[in-house]
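# Breakdown of the fold
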Amino acid sequence: MRYDSFLDLTGRRALVTGGSRGLGAVLAQTLAAHGAHVVINYVRHEAEALRTQQAIRDAGGSADLAPANLTKPEDIRAMFAGPLREGIDILVHNAAIGSFKPAHEVRANQWDLTMNVNARALLLCVQEALPSLAQRGGRVVAVSSLGGARVIPEYGAVGVSKAALEALTRYLGVELAGRGVHVNAVAGGLLDLPSVRQHPGFGQLAADTIRRTPSHRLGTADDIARIVLFLCSPLSDWMVGQTLVADGGMSLTV
Amino acid sequence: MTSGDMPHRVATIVAEALNVPVERVTPSASLIDDLGAESIDFLDILFRIETAFNIKVRESELWDGTIDRTSQETIDASIAQLKVRQPDYRWDRLPAHPAPSDLGRLITVQTIIQHLQTRGVE
Ligand SMILES: NC(=O)c1ccc[n+]([C@@H]2O[C@H](COP(=O)([O-])OP(=O)(O)OC[C@H]3O[C@@H](n4cnc5c(N)ncnc54)[C@H](OP(=O)(O)O)[C@@H]3O)[C@@H](O)[C@H]2O)c1
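Residues numbered from 1 in each chain as written. Chains lettered and ligands numbered in written order. Predicted model: local features only at pLDDT ≥ 70, side-chain atom pairs only at ≥ 80, totals over all residues. Heavy atoms only, no water.

Moving on, we get to the pattern of salt bridges. All names here are of chain A. This structure, assessed with the given rule, holds 19 salt bridges over all chains. Measuring nitrogen to oxygen at the nearest pair gives 2.7 Å for the salt bridge that ties Asp192 to Arg197. In this structure, the salt-bridge partner of Arg226 is Asp222, at a minimum N-O distance of 2.8 Å. Highlighted residues: Arg226 and Asp222, both in helix H8 (residues 221-232), separated by 4 residues, approximately one helical turn. (Salt bridge = Lys/Arg side-chain N within 4 Å of Asp/Glu carboxyl O. Helix = DSSP H or I, 4+ residues; strand = E, 2+ residues; numbered from the N terminus.)

Bringing the site of the ligand into the picture now. Residues and elements named next belong to chain A. By nearness alone, 29 residues border the ligand, and Ser20, Arg21, Arg44, His45 and Asn94 come closest of all. In the model, an oxygen atom of the ligand is placed 2.6 Å from a nitrogen or oxygen of the Arg21 side chain. Within the backbone of Leu23, one N or O atom sits 2.8 Å away from an oxygen atom of the ligand. For the ligand, whose free accessible area comes to 910 Å², the fraction covered by protein is 91%. Elements that contribute at least two residues to the shell around the ligand include exactly helix H1 (22-33), strand S2 (37-42), strand S5 (139-145) and helix H6 (194-197). Classifying every residue of the shell around the ligand gives 13 nonpolar, 13 polar and 3 charged. (Near = heavy atom within 4 Å. Polar contact = N/O pair within 3.5 Å; in protein donor to acceptor, adjacent residues only side chain to side chain. Areas by Shrake-Rupley, 256 points an atom, 1.4 Å probe, with all protein chains shown as cover. Nonpolar A, V, L, I, M, F, W, Y, C, P; charged D, E, K, R; others polar.)

In this section: the interface of chain B and chain A. Across the contact, 15 residues belong to chain B and 15 residues belong to chain A. Contact between chain B and chain A buries roughly 1300 Å² in total, counting both sides, with carbon and sulfur atoms accounting for 49%. When the buried surface of chain B facing chain A is broken down by residue, Glu38, Ile40 and Phe47 of chain B rank first, second and third, together holding 43% of it. In this structure, Arg107 of chain A engages Glu38 of chain B in a salt bridge whose closest nitrogen and oxygen atoms are separated by 3.4 Å. (Contact = heavy atoms within 4.5 Å. Buried area = accessible area lost by both parts, 1.4 Å probe.)

These values are about where atoms sit, not about what they do.
Right under this line is the structure:
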C-alpha cells in the first residue's frame, strides 16, 4: 500500500498558534504546502505574521491571520467566534514564552504567564475547537521541548510548562481518542533558528549541544515540521497522547 | 474605578505583576533598578495594561517612546530632555553616555502613565 496521499491536507483548516515567526512560521508554511488552509495566530508581531502569510500565498498556498493573546480566555473565544468560526481540522499549539532562569528563582507572575501561554492555551483552544475537531477527525499537535522531561539550565518555568503540556497531551489524547480526535506532541532539542541565534550565549550553547548530539548538528525547523506533518496526517493514527522526542539522539546520551 | 485614577491603577498593576508593595511603585521608580523587573515582566505588565484599559499597546511605543535610539548623540539628546521631565529619577545611577543596553533601566512607572495619557486614558 502507498501512503503518499495521507500527507495531502487539501480541504483541511489548520490553526498554528505562534505562527508568525520562528518555528511556527515554518510549520504554517509546511502545512500550507501540503494543501491545508492555514490560520496564523500571533499576538504582537503583525509584520512577521503578514510576511509568513505572504510567503505562503507566494508559494501557492492559502493563509489567514488570527491575532489573539493566548493568555486571555476572552481573546481565544473571540478568535474562534471570528476568524475560526468555520471550525478547524488541525490545531498546532506552537506559541510559547519564557523567562530564562533557574526554576527556584521563577516569580509568581512569570510562572502564570509561561503556564498560560505554553500549556493552558492548548486546553482552551481544544475546548473551543472540539465541536469541529470531533466532527472532522481532527488532529492536535503540541510543540514541546526537551526541557519538559529533562533539566535544561536556565529553563525553569518553560521546562515545567512543557511538562504540563505533555501531561495535558496524554490526558486529551486518551479522553478524545474515542471521539476521533488525535492528540500528540513533539519535543525538540535546541533548534537553529534566527531568534535562537540572537541570544548572546548561542555560540557556546550550540557548540555544547552539537558535541553532545550523536547526529553532530543542531535541529532545524524543518526537522520538526516533518514530524508535525506526520502527526497531522493519518499516518500517525495509532498514536494517542504521545510525545515524540526529536533531538538527534542527544537526550539518550549520558 | 472612576476616571482620573489611571496613575493609581497603573501603580496597582505594576505592584501586582512584580509582587512588590504598591508604596514602592512611585512614578519615578525604574521598573528594572527599583522594582526588579525582568524582560518577561515587561510583557506581563503590557498584557495587564491592555486588559485593564481595554486598549492595544505597541511595545515599541510604550517602552521606547521617548528615546531616539538612532545614535549616541540622539540618545544623549533624548536623555537630556527626559532629565527635565523626570527630575526625580535617580540619574546618578546611569553612565554619562548610556549605551542602548542601559535604556531599559530608564523605563519608569511614569513612562507607562505618560504613554496612557497620550492615548487619552485618564
Ligand atoms: N527555539 C528552540 O530551540 C526550540 C527548541 C525546542 C522547542 N521549541 C518550541 O518551539 C516553539 C516555537 O519556538 P520559537 O523559538 O520559534 O519561538 P519564538 O520565535 O519565540 O516565537 C514565539 C511565537 O509564539 C507567539 N506567542 C507568544 N506569546 C503569545 C501569546 N500570548 N499569544 C499568542 N501568541 C503568542 C509569538 O507571537 P508574536 O510573533 O506575535 O510575538 C510567536 O509567534 C515553542 O513552543 C518552543 O518551546 C523551540
